[in-house]
Structures are given as C-alpha cells and as structure tokens.
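Summary of structural features
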Amino acid sequence: FRQQQDDREILTDDDRILAEISRQIYSNSTSGLRVMFNKLCSTPRHLSWDDFKRSVRRFGLRYPEEPLLRIWRRFDLNGDGRLSYSQFVRMLAERKSPSKN
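Before going into details, it helps to say that this report is about the structure given with it.

Thresholds applied
- Residues numbered from 1 in each chain as written.
- Predicted model: local features only at pLDDT ≥ 70, side-chain atom pairs only at ≥ 80, totals over all residues.
- Heavy atoms only, no water.
- Axes fitted to C-alpha atoms, helices over the stretch in contact; angles between N-to-C directions.
- Helix = DSSP H or I, 4+ residues; strand = E, 2+ residues; numbered from the N terminus.
- Parallel < 35°, antiparallel > 145°, perpendicular 65-115°, else oblique.
- Contact = heavy atoms within 4.5 Å.
- Nonpolar A, V, L, I, M, F, W, Y, C, P; charged D, E, K, R; others polar.
- Buried < 20%, exposed > 50% of the residue type's maximum accessible area, 1.4 Å probe, protein only.
- Arc of directions from axis to C-beta.

Between helix α1 (residues 13-28) and helix α5 (residues 85-93), whose axes approach to 9 Å, the crossing angle comes to 115 degrees. Between α1 and α5, the angle is such that the two are roughly perpendicular. For the pair formed by α1 and α5, the contact residues are Leu18, Ser22, Ile25 and Tyr26 on the first element and Phe88, Met91 and Leu92 on the second. For the contact of α1 with α5, the residue count by class is six nonpolar, one polar and no charged.

Position of arginine 90 among the secondary structure elements: in helix α5. With 15 residues separating them in the primary sequence, arginine 90 and phenylalanine 75 have C-alpha atoms 7.6 Å apart. The contacts of arginine 90, once residues within four sequence positions are left out, are Phe75 and Leu77.

Here we come to helix α4 (residues 65-75). Owing to its 3.6 residues per turn, the α-helix aligns residues three or four sequence positions apart on the same side. For α4, the full list of buried residues reads Pro67, Leu68, Ile71, Trp72, Arg74 and Phe75. Around the axis of α4, the buried residues are gathered within 155 degrees of arc, so they sit on the same side. Opposite the buried face of α4, by more than 90 degrees, sit the exposed residues Glu66 and Arg73. Contact partners of the buried residues in α4: α1, β3 (47-48), α3 (49-58), β4 (82-83) and α5.

In short, shape yes, function no, at least from these values alone.
Shown next, in the form of structure tokens:
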C-alpha cells in the first residue's frame, strides 16, 4: 500500500483515507477508544463491515466503497468480516498523515 520512491514515502489514496478516518475517530472519542469502539459496534466486541461503513458516514466522510473495502481487508486479518478491538486499534495506529507539499 505504501510505495518508496527516492527514499521518500509516498502515501497512497488508501493511506490518506485511513489517516482521515483515524483523525475523526480520535477527535470524537473523548471518553476513550474502547468506549468509541463499543459505540460504533452493532454487536458486542466486534465491528462489522457495515458498522465500519456506517461509522465513516457518521463522521461526515464520503468515500467510495472500493478504497474502504481495501482498508477493511488490510486489518481484518483472519477474514471473518469483523474487527476485534485489537484489530481496530492496530488500524488506527497504522494511520499515516499525508505530507504537506
């Protein structure tokens, strides 16, 4: 997903989208990430694909489904269609900030 060019990291569109999603989640999680995670989940302890898409829209972000699905698959490591809290935290921790040129 990230490419190297002339020893500089190039951020892909997916990285930019993930960075914006992460910023929105962090800025709206005043009670902590665990509380935010539980608010986003429609079932206890797992964030579904539908929960994820709904959450992105809830934060006012409008992205096509294709890059969201690529991001989702990047973190749904076991392919069960759900993110555990640890997978959710890993997703947020991997975010990259777009460089300002």
